[in-house]
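# Breakdown of the fold
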Amino acid sequence: MESTTTSKMQKKSAREDRYQGHDYYQLDELLQEDHLLARDAVRTWVKQEVSPIIEDYANRAECPYHLFKGLAEIGAFGPSLPVEYGGGGMDEIAYGVIMQELERGDSGIRSMASVQGSLVMYPIYKFGSEEQRKKYLPKLGSGEFIGCFGLTEPDHGSNPAGMVTNIKDDGDAYILNGAKMWITNSPVADLAVVWARDEEGKIRGLIVEKGMPGFTAPEIHGKWSLRASITGELVFEDVRVPKANVLPNVNSMRGPLSCLSKARYGIAWGVIGAALDCYDSALRYSLEREQFGRPIAGFQLTQKKLAEMITEITKAQLLTWRLGTLANQGKATPGQISMAKRNNVNMALEIAREARQIHGGMGITNEYPVMRHMMNLETVLTYEGTHDIHLLITGMDVTGINAFS
Ligand code: TGC
Ligand code: FAD
């Protein structure tokens, strides 16, 4: 027989989402009306579509990819790409606040949007031919097609330039061989933007479509993190990819790395959402939970945690707002983006851990969002360049010396 506690917790897993946002430094005054409108629309959508189901999907390690269409409708795919190419025609700060609200719901939901917009639509827009743009971008922007991005390989993660996936010329096509690992959305994707080495050793980008003979995308199981996001491999065994599917305007690592810059920028904003959700939950819980005859929020040690959380969130918000302003002017450097990604993900992870402590034993349950955010953020700390790789990027930027190899 099901215990009362279990059934109560399962019912409560579709918890009420009481999040209202926190703006300690009145940073909303730095945002334009269209940013606030976009932010509030996505916040409402997350409350309606994500919060009621996310604990359940994460618990079952299942991806709610029925949300793809809704994400498209709220303009989450390529918010800063031109409208005629399936984007939202907004600026980089709008892109940032949208990612923040999505990741407030779940890092995996933000991942869906990051991959589709910044890692699939962006390279096709930036490096593709006009025919490729017209063929793929509207369908990706509307959520009719799901895309994925294949850079990481089993033996080349932090060092993607070492990739061994390769193409060989075969008349009107290339023959693609190799494998990619840890690819978000690959098992459900209609197409993959794949990076491979050509016979001259140059890095080329290809659009590989589902159903091409020799192409498979098996799912990776057993993740304790990003459980509501689907991850897989990409396996290529003599796949014949028409030359029309090769991105014509890129032939070096600058191509995939510039896509990463776009996505890392979105993550720097996104994780503030996860941090805010943890802070929000911890603040509310600490005011409601009593021990020793008073709310635990009244103890100095709890206040230290909460005060430090909102301080770090505010610093991260200021960092991303400035980064967004630079990005709008076309001046944000890869080094600045690395600094923001590294700082903000670490900040969010630390806040999730502190928030978990404030919730005591309840903090490990799915009645509160903190443990899910905490587990998700372990992935976010690693993908799109690990915490240490971003430190080395900053180190190289300030010293001029490469400490990678
Ligand atoms: P390096 O020699 O430094 O640079 C090669 C060329 O690229 C340029 N460049 C960049 N351009 C734009 N944005 C960036 N971030 C750039 N970084 C470098 C650079 O100026 C140069 O241009 P040119 O014209 O002189 O050729 O390249 P390297 O191969 O030595 O790279 C070094 C390193 C370690 C920084 C790089 O490999 C790296 O960032 N490694 C981390 C790997 C990584 O982040 N992988 C992410 C995979 S995708 C993913 O995780 C998706 S998760 C999605 C989700 O679910 O949200
Ligand atoms: P490694 O590179 O093997 O690193 C292991 C450890 O060694 C790390 O701590 C790292 O910091 C450290 N290290 C490595 N080199 C150095 C060095 N020079 N100096 C000091 N320390 C070093 N990739 C994609 O292409 N597309 C995707 O959609 C995608 N989605 C992902 C989704 C998930 C859930 C996960 C977990 C990963 C995803 N990735 C994706 C891959 C991700 O980008 C890589 O996991 C990441 O770049 C690290 O590579 P690795 O796992 O091979 O670790």
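What this report covers is the structure whose coordinates are included nearby.

Reading the values: the criteria
Residues numbered from 1 in each chain as written. Chains lettered and ligands numbered in written order. Predicted model: local features only at pLDDT ≥ 70, side-chain atom pairs only at ≥ 80, totals over all residues. Heavy atoms only, no water. Helix = DSSP H or I, 4+ residues; strand = E, 2+ residues; numbered from the N terminus. Expected span 1.5 Å × (residues − 1). Near = heavy atom within 4 Å. Polar contact = N/O pair within 3.5 Å; in protein donor to acceptor, adjacent residues only side chain to side chain. Areas by Shrake-Rupley, 256 points an atom, 1.4 Å probe, with all protein chains shown as cover. Nonpolar A, V, L, I, M, F, W, Y, C, P; charged D, E, K, R; others polar. Domains from an automatic or database assignment. Contact = heavy atoms within 4.5 Å.

Here we come to helix 8 (residues 300-328). The terminal C-alpha atoms of helix 8 lie 42 Å apart, and with 29 residues this matches the ideal 42 Å at 1.5 Å per residue to within 8%. Gly330 occupies a position one or two residues after helix 8 and carries a positive phi of about 70°.

A separate point is the site of ligand 2. As a matter of local geometry, ligand 2 sits amid 19 residues, with Phe149, Thr152, Ser158, Trp182 and Thr386 nearest to it. At 2.9 Å, a backbone N or O of Phe149 approaches a nitrogen atom of ligand 2. The backbone of Phe404 places a nitrogen or oxygen atom 2.9 Å from a nitrogen atom of ligand 2. The fraction of the free accessible surface of ligand 2 (980 Å²) that becomes covered by protein chains is 68%. In terms of residue class, the shell around ligand 2 is made up of nine nonpolar, eight polar and two charged. Formed jointly, the shell around ligand 2 draws a minimum of three residues from each of two domains, domain 2 (147-245) and domain 3 (254-399).

Our next topic: the side chain of Ser225. Mapped onto the secondary structure, Ser225 falls in the loop between strand 6 (215-216) and strand 7 (231-242). A distance of 2.7 Å separates the side chain of Ser225 from the side chain of Thr379, its partner in a polar contact. When sequence neighbours within four positions are dropped, the list of residues in contact with Ser225 reads Met375, Asn376, Glu378 and Thr379.

The next thing to look at is the site of ligand 1. Lining the immediate surroundings of ligand 1 are 24 residues, of which Ser111, Thr184, Ser261, Arg264 and Gly385 lie closest. In this structure, a nitrogen atom belonging to ligand 1 sits 2.8 Å away from a side-chain N or O atom of Ser261. At 3.3 Å, a side-chain N or O of Tyr383 approaches an oxygen atom of ligand 1. For ligand 1, the accessible surface in isolation is 1100 Å², of which the surrounding protein chains cover 74%. Counting residues per element, the ones that place at least two in the shell around ligand 1 are helix 5 (107-127) and helix 7 (254-288). Here the shell around ligand 1 gets six residues from one element, more than from any other, and that element is helix 7. Residue classes in the shell around ligand 1 are distributed as 11 nonpolar, nine polar and four charged.

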